[in-house]
Amino acid sequence: MGMLDGKAALVTGGGRGIGRGVALALARAGARVVVNDLGASLAGEGGDARPAAQVVDEIVKAGGAAVPNFGSVADVAEAASMVEQVIRTYGRIDILVHVAGILRDRMVFNMTEAEWDAVIAVHLKGMFNAVRAASIAMRETCGGRIISMSSVSALGAPGQPNYAAAKAGILGLTWSTANALAKYGVTTNAILPSGATRMIDSTPRGREVFAETGKWPSELAAETERDPDNVAPLVVYLASDGAQHVNGQVFHSFGYGYTLVAQPQAVRRLEADRRLTPDELATLFPSTLGRGLKPPPGTLFGKTLHERPAGEWKELAHGMRFWQSPWEEP
Ligand SMILES: NC(=O)c1ccc[n+]([C@@H]2O[C@H](COP(=O)([O-])OP(=O)(O)OC[C@H]3O[C@@H](n4cnc5c(N)ncnc54)[C@H](O)[C@@H]3O)[C@@H](O)[C@H]2O)c1
């Protein structure tokens, strides 16, 4: 018995990297999968049928069920037709995983309108396009799972204003959809994934690794903590019936572990029995709301958790441990 036997899924951007691992893992768990991938370059140009076709081949050869789709999730009609393809081929749609993504990095003062629009179109509008179409069907069947890839870049990556905005937008759309579709039995969650794919090869650190080792990070990743396939088990679980109670949550997938990310929470408040004046604020602000302010974490988020004192970790089983923030609100 697979965890997802009988389910039908759409994976956008399922031809390469993290999406490929997700499509293969969903199929291994028993789901029938439409593997969508435009086969675009990292910057979102061109198209190539091979990535989606190869993943479908791999799934079918392993005894699973899959068909390819080569459309662009950024196009509202093509996204709707991906969802229709799942329903036409498998009779229903239970799972939507939005993974498709591109990069056009530039400092905000140098960014062109085209660079902004292209990145927002694939990540954020692409999520809306796919969610809109899938949610119509899921609302009718009273059940479904929507899982989207956001990024730690949403938390303030300085050289990625378009990507950070799109990925933060994915969180807003996830929370809105989670609250809107809960009553139909549909859950919506987001993952800040990581894994050494061609996206990571393109970063300054990726180029450094190539200079040092003669290999790209993506060529060194298999079966390590940097393997993009490490994201997939969380997706499979979130897509399963057992995760019905997990809705509107954000997880960071990093190394061989998953972190639950806190929801935005109030940490300080200054108030009076009337409207404060700017002068009063200027006096009170530095010692209250303005004391010890930290910059947004950006891509440093979650990188030092493993350094938390050993006493804060609970041993669960051999090689498995659990950490919970001592200051988590009840
Ligand atoms: N790799 C990481 O460390 C990392 C970190 C944070 C977030 N992410 C996010 O995870 C997702 C997957 O990233 P990856 O590293 O596997 O990248 P990748 O480039 O290896 O894969 C992305 C896939 O999306 C496809 N795609 C691009 N535009 C498309 C479109 N319009 N329609 C359909 N498919 C399209 C590409 O052809 C490609 O196969 C992305 O959303 C990315 O932003 C990745």
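Residues numbered from 1 in each chain as written. Predicted model: local features only at pLDDT ≥ 70, side-chain atom pairs only at ≥ 80, totals over all residues. Heavy atoms only, no water.

Concerning the overall build of the protein chain
Here is step 1: Helix and strand counts for the protein chain come out as ten helices and ten strands.
Here is step 2: For the protein chain, the C-alpha radius of gyration of 21 Å lies close to 20 Å, the compact-globule estimate for 330 residues.
Here is step 3: Considering only C-alpha atoms, the protein chain reaches an extent of 70 × 50 × 50 Å along its principal axes.
Here is step 4: When contacts within the protein chain are restricted to residue pairs at least 6 apart in sequence, long-range pairs at least 24 apart make up 66% of them.
Here is step 5: Put simply, the protein chain shows about 17400 Å² of open surface, and 57% of that area lies on carbon and sulfur atoms. (Helix = DSSP H or I, 4+ residues; strand = E, 2+ residues; numbered from the N terminus. Rg over C-alpha atoms; globule rule 2.2 N^0.38 Å. Contact = heavy atoms within 4.5 Å. Areas by Shrake-Rupley, 256 points an atom, 1.4 Å probe, with all protein chains shown as cover.)

Focus: the environment of alanine 40
Here is step 1: In this fold, alanine 40 is placed in the loop between strand E2 (32–36) and helix H2 (50–61).
Here is step 2: For alanine 40, a relative accessible area of 10% translates into the label buried.
Here is step 3: With residues near it in sequence (within four places) discarded, alanine 40 still touches Arg16, Glu45, Gly46 and Arg198. (Buried < 20%, exposed > 50% of the residue type's maximum accessible area, 1.4 Å probe, protein only.)

So, the pairing of strand E3 (residues 66–69)
Here is step 1: Where E2 and E3 come together, four bridges link them in parallel fashion. Residue pairing for E3: asparagine 36 is matched across the bridge by asparagine 69.
Here is step 2: One crossover worth recording links E2 to the parallel E3 by way of H2, and it is right-handed. (Pairing = 2+ DSSP bridges. Right-handed = clockwise from strand over helix to strand, strands pointing away.)

Digging into the nonpolar core
As a rule of thumb, nonpolar side chains are buried together in soluble globular proteins.
Here is step 1: In terms of nonpolar packing, the biggest core is built from 35 residues, with Leu26, Val33, Val35, Val97 and Val235 touching the most fellow members.
Here is step 2: Those elements that place two or more of their residues in this core are strand E1 (8–12), helix H1 (17–28), E2, H2, strand E4 (95–98), strand E5 (144–149) and helix H9 (232–239).
Here is step 3: For this core, the leading source of residues is H1, giving seven residues.
Here is step 4: Dropping the residues within four chain positions of it, valine 33 is found in contact with Ala9, Val11, Ala23, Leu26, Ala27, Ala65, Ala66, Val67 and Tyr90. (Core = buried A, V, L, I, M, F, W, Y, C linked by side-chain atoms within 4.5 Å.)

Topic: the side chain of serine 240
Here is step 1: Within the element layout of this structure, serine 240 appears in the loop between H9 and strand E7 (250–254).
Here is step 2: Leaving out residues up to four positions away in the same chain, serine 240 has contacts with Met3, Leu4 and Arg145.

A short note on the site of the ligand
Here is step 1: Within the structure, the ligand sits among 31 residues, and Ile18, Asp37, Tyr163, Thr197 and Arg198 are positioned closest to it.
Here is step 2: Between an oxygen atom of the ligand and a main-chain N or O atom of glycine 39, the distance comes to 3.3 Å.
Here is step 3: In this structure, serine 72 approaches the ligand through a side-chain N or O atom, which is 3.0 Å from a nitrogen atom.
Here is step 4: Contact with the protein chains removes 97% of the 830 Å² of surface that the ligand exposes when unbound.
Here is step 5: When residues of the shell around the ligand are traced back to their parent elements, those giving at least two are H1, helix H4 (113–141), helix H5 (161–181) and helix H6 (198–201).
Here is step 6: When residues in the shell around the ligand are grouped by element, the largest group, three residues, is from H6.
Here is step 7: Along the lines of polarity and charge, the residues of the shell around the ligand split into 14 nonpolar, 13 polar and four charged. (Near = heavy atom within 4 Å. Polar contact = N/O pair within 3.5 Å; in protein donor to acceptor, adjacent residues only side chain to side chain. Nonpolar A, V, L, I, M, F, W, Y, C, P; charged D, E, K, R; others polar.)

Topic: the packing of aromatic side chains
Here is step 1: This model, assessed by the stated rule, comprises two aromatic pairs.
Here is step 2: A centroid spacing of 4.2 Å and a plane angle of 15° characterise the contact between phenylalanine 210 and tryptophan 216, whose relative ring orientation is stacked.
Here is step 3: Under the relative-accessibility criterion, phenylalanine 210 is labelled partly exposed at 33%.
Here is step 4: Consider the rings of tryptophan 313 and tryptophan 323, whose centres lie 6.5 Å apart with planes at 45°: the pair is tilted. Of this pair, tryptophan 313 sits in strand E9 (residues 313–317) while tryptophan 323 sits in strand E10 (residues 320–323), and the two are ten residues apart along the sequence. Like tryptophan 313, the residue tryptophan 323 is buried in the burial classification.
Here is step 5: Here arginine 321 stacks its cationic end above the ring of tryptophan 313, 3.7 Å away from the centre of that ring. (Phe/Tyr/Trp six-rings, centres within 6.5 Å; stacked < 30°, edge-to-face > 60°. Lys NZ or Arg CZ within 6 Å of the ring centre and 35° of its normal.)

Observations regarding the environment of tryptophan 323
Here is step 1: A relative accessible area of 18% places tryptophan 323 in the buried class.
Here is step 2: Placed 15 residues apart in sequence, tryptophan 323 and arginine 308 show a C-alpha to C-alpha distance of 8.6 Å.
Here is step 3: Beyond its immediate chain neighbours, meaning those up to four positions away, tryptophan 323 contacts Leu305, Arg308, Glu312 and Trp313.
Here is step 4: Within the structure, the side chain of tryptophan 323 is placed 2.6 Å from the side chain of glutamate 312, a separation counted as a polar contact.

What to know about H9
Here is step 1: With six of its eight residues buried, H9 lies for the most part within the structure.
Here is step 2: If you follow the buried residues of H9, they end up packed against H1, E4, E5, strand E6 (186–192), E7 and strand E8 (257–260).

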